[in-house]
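This is what each chain is made of:
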Amino acid sequence: MKVDFNKKYNTISVYCIITFAICLLMVIVCINFPAIAVYIKKFFKVIAPITWGVVIAYICNPIMKVTENMLRKITDRKKPHKKLTRAVSVGISMLLLIAILVALVGIIVNQISESILEILNSIPEYIRQLENLVVKLLGDYPDVVKAIESQLDTIQPRLIEFANNIIPKLGDLSVKLKDRAIDFVIAIKDFIIGFIVAIYLLLSKELFIAQARKIVYAIFPRNFSKNILRVSAKANSTLSGFLSGKLLDSFIIGAACFICMTIMNMEFATLISVIIGVTNIIPFFGPFIGAVPSALLLLLAAPQKVIPFVAFIIVLQQVDGNIIGPKILGDSTGLSPFWVMFAILVGGGLFGFAGMLLGVPVFAVLYAMFSEFIASLLKKRKLSHRTVDYNNFDIDNPPSAPSPPPDTDEAAMPVSADKK
């Protein structure tokens, strides 16, 4: 028997069943969330090479496009060999990225080793300064000497108790270190596989995009498919523009930091400049994250230069936030400072460093989608979608949608004598 879903009660019954099924599914998910979270975590580990490949492809895509255009101009052929041009462009972009990564790792490792050697060589001087301080303290403050002598009898038992408590934990620490080493090796393996994935993605970029569009139009209605593709284009534009702009901005800040620290004759100029440049990729909190370890590192080598360094970093970040950053990025996200901070905190809490980096552009896309959804609902109710109209208004009379402008061509055209 065919059921007529246009009937009032049949429609209500179907809606009730669907609502009950959704609620039941949500209850099941909440009850079994720990077990589901394990599978979700395992799924993300499995697709980690794909994730790295997508990120690397996003970073290399602008370089590949510039290289491809340059090769086409150089060859000056009416029918250029597309596959060969694409392959050469992908190879150049990958080699450039690898060279940058190798240079950064080499700089960081070299500077860290030099810093450790310098700190080890400075240990005798630190001990000598500490001895002078203790001698001066004991000579000028006899009460402190008596307090130290009274505590000497209790130091040995406390040391023995501390050793007995920490020895059992060394085994757990070794296990954790082994697990971290295994995770690091797996991460390196995923990163290397990600390069291979990125090469295939860039070589067949247009094919994958066409396949995705075909699937969208095959599954969803036409109007909904158009909205999905429009939102996807918006997300791609926001992400690529934000990442490329941030990378350029961070490179400029790192170079400026190196030049200024070299002029000011500060120690560890190369290492600190790399730290400042890399952490500057993170919006809002990046300058603070990079300045704290840099100041601590400088404190060990030249304590008298810490305050000038902190003042210099504050000035540099103000120049970046008010001049360099807006010139490069513009208003690429369209978010207020509060939502930028919200996106960074939530993204960093859920996904770590990657979440702090990608939280802002991803949230910007979601924010734009939600704004468009709210605007469409208000448009259906013939209400204004402009936020400023809701500052001061009568609750009983919400602001209505602005009337469309008249057809200027017809309105401005005088009526001829024949039509009168």
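Just so it is clear, the model here is predicted, and its values are computed rather than measured.

**Here's the deal with the overall build of the protein**
Consideration 1: Across its full length, the protein carries 12 helices and 0 strands.
Consideration 2: For the protein, with 420 residues in total, the buried portion stands at 22%.
Consideration 3: Considering only contacts within the protein whose residues lie at least 6 apart along the sequence, 65% involve residues at least 24 apart.
Consideration 4: Total accessible area computed for the protein in this model is approximately 30,500 Å², and 71% of it derives from carbon and sulfur atoms.

**Overview of a nonpolar patch on the surface**
Consideration 1: Taken together, I112, I116, L117, L120, I123, Y126, I127 and L300 make up a surface patch of nonpolar side chains, about 690 Å² in accessible area.
Consideration 2: Ranked by residues supplied to the nonpolar patch, first place goes to helix α4 (residues 82–140) with 7 residues.
Consideration 3: Its location among the elements puts Y126 in helix α4.

**A closer look at the state of the cysteines**
Every disulfide links exactly two cysteines, by a covalent bond between their sulfur atoms.
Consideration 1: Using the criterion set out here, one finds 0 disulfides in the structure.
Consideration 2: Lacking any disulfide linkage, C257 is separated from the closest cysteine sulfur, that of C260, by 7.4 Å.

**Details of the nonpolar core**
Consideration 1: The biggest cluster of nonpolar side chains holds 19 residues, and the ones touching the most others in it are C257, M261, I272, I276, F309, F312 and I313.
Consideration 2: Elements with a contribution of two residues or more to this core: α7 (222–263), α8 (269–279), α9 (286–301) and α10 (306–329).
Consideration 3: Sort the elements by how many residues they give to this core and α10 lands first, with 6 residues.
Consideration 4: If we skip the residues at most four places from it in the chain, F312 touches A256, C257, C260, M261 and M264.

**Some remarks on the packing of aromatic side chains**
Centre-to-centre distance and the angle between the planes together describe a pair of aromatic rings.
Consideration 1: Within this structure, the stated rule accounts for 5 aromatic pairs.
Consideration 2: Where F191 meets F195, the ring centres are 5.1 Å apart and the plane angle is 85°; that geometry is what we call edge-to-face. In this pair, F191 and F195 are both assigned in helix α5 (residues 142–203), 4 residues apart and thus about one turn of the helix distant.
Consideration 3: When the centroid spacing of 6.3 Å and the interplanar angle of 35° are considered together, the rings of F363 and Y367 count as tilted. One end of the pair is F363 and the other is Y367, both in helix α11 (residues 337–380) and 4 residues apart, which spans about a single turn.
Consideration 4: Given the relative accessible area of 17%, F363 is considered buried.
Consideration 5: Three or more aromatic residues joined by ring pairs form one cluster here, namely W52, F191 and F195.

**Some words on the side chain of D320**
Consideration 1: In this structure, D320 sits in helix α10.
Consideration 2: Ignoring any residue separated from it by four or fewer positions in sequence, one finds D320 in contact with D249, I253, N280, G325 and P326.

**Comments concerning the pattern of salt bridges**
Consideration 1: The final tally for this structure, using the stated rule, is 5 salt bridges.
Consideration 2: The residue E206 makes a salt bridge to R86 at a minimum N-O spacing of 2.9 Å. Remark: R86 occurs in helix α4 and E206 occurs in helix α6 (residues 205–219); sequence separation between them is 120 residues.
Consideration 3: Residue E206 is classed as partly exposed on the basis of its relative accessible area, which comes to 44%.
Consideration 4: Among the ionic contacts, a cluster of salt bridges with common partners joins E68, R72, R86 and E206.

**Concerning helix α2 (residues 33–46)**
Consideration 1: With 14 residues, α2 should reach 20 Å at 1.5 Å per residue; the first-to-last C-alpha distance of 20 Å fits that figure.
Consideration 2: Of all the 14 residues making up α2, 0 are buried; the element is thus mostly uncovered.

**Things to note about the packing of α8 against α9**
Consideration 1: Axis separation between α8 and α9 bottoms out at 8 Å; the angle between their running directions is 165°. Classified by the angle their axes make, α8 and α9 are roughly antiparallel. Classified by chirality, the crossing of α9 by α8 is right-handed. Residue-level inspection shows L271, I272, I275, I276 and T279 of α8 in contact with α9, the latter providing G286, I289, G290, A291, S294, L297 and L298.

**A short note on unusual backbone geometry**
Consideration 1: Even without being a glycine, N265 presents a positive backbone phi close to 55°.
Consideration 2: Secondary-structure assignment places N265 in the loop between α7 and α8.

**Here's the deal with the confidence of the model for the protein**
Consideration 1: Taken as a whole, the protein shows an average pLDDT of 77; of its residues, 77% reach a score of 70 or greater.
Consideration 2: Mean pLDDT in the protein bottoms out at helix α12 (residues 408–412), which sits at 43, and peaks at α6, which reaches 90.
Consideration 3: With pLDDT under 50 throughout, residues 407–420 is counted as low confidence; its partners more than four residues away or in other chains account for 1 contact.

**Details of the packing of α7 against α8**
Consideration 1: Direction vectors running N to C along α7 and α8 enclose 155°, while the axes themselves pass 8 Å from each other. In terms of axis orientation, α7 runs roughly antiparallel to α8. In this structure, α7 meets α8 at a crossing whose hand is right-handed. Contacts from S250, I253, G254, C257, F258, M261 and T262 in α7 reach A269, T270, I272, S273, I276 and G277 in α8.
Consideration 2: Per-class residue counts for the contact of α7 with α8 are 7 nonpolar, 6 polar and no charged.

**A short note on the environment of G91**
Consideration 1: Note that G91 resides in helix α4.
Consideration 2: Overall, G91 belongs to the partly exposed group, its relative accessible area being 28%.
Consideration 3: Measuring from C-alpha to C-alpha, the distance between G91 and L203 comes to 9.9 Å, with 112 residues separating the pair along the chain.

Analysis parameters
Residues numbered from 1 in each chain as written. Predicted model: local features only at pLDDT ≥ 70, side-chain atom pairs only at ≥ 80, totals over all residues. Heavy atoms only, no water. Helix = DSSP H or I, 4+ residues; strand = E, 2+ residues; numbered from the N terminus. Buried < 20%, exposed > 50% of the residue type's maximum accessible area, 1.4 Å probe, protein only. Contact = heavy atoms within 4.5 Å. Areas by Shrake-Rupley, 256 points an atom, 1.4 Å probe, with all protein chains shown as cover. Patch = residues over 30% accessible without salt bridge, like charges linked within 9 Å, V, L, I, M, F, W, Y side chains within 5 Å. Salt bridge = Lys/Arg side-chain N within 4 Å of Asp/Glu carboxyl O. Disulfide = S-S within 2.5 Å. Core = buried A, V, L, I, M, F, W, Y, C linked by side-chain atoms within 4.5 Å. Phe/Tyr/Trp six-rings, centres within 6.5 Å; stacked < 30°, edge-to-face > 60°. Expected span 1.5 Å × (residues − 1). Axes fitted to C-alpha atoms, helices over the stretch in contact; angles between N-to-C directions. Parallel < 35°, antiparallel > 145°, perpendicular 65-115°, else oblique. Left-handed = near helix turned anticlockwise from the far one by under 90°. pLDDT = per-residue confidence, 0-100. Nonpolar A, V, L, I, M, F, W, Y, C, P; charged D, E, K, R; others polar.

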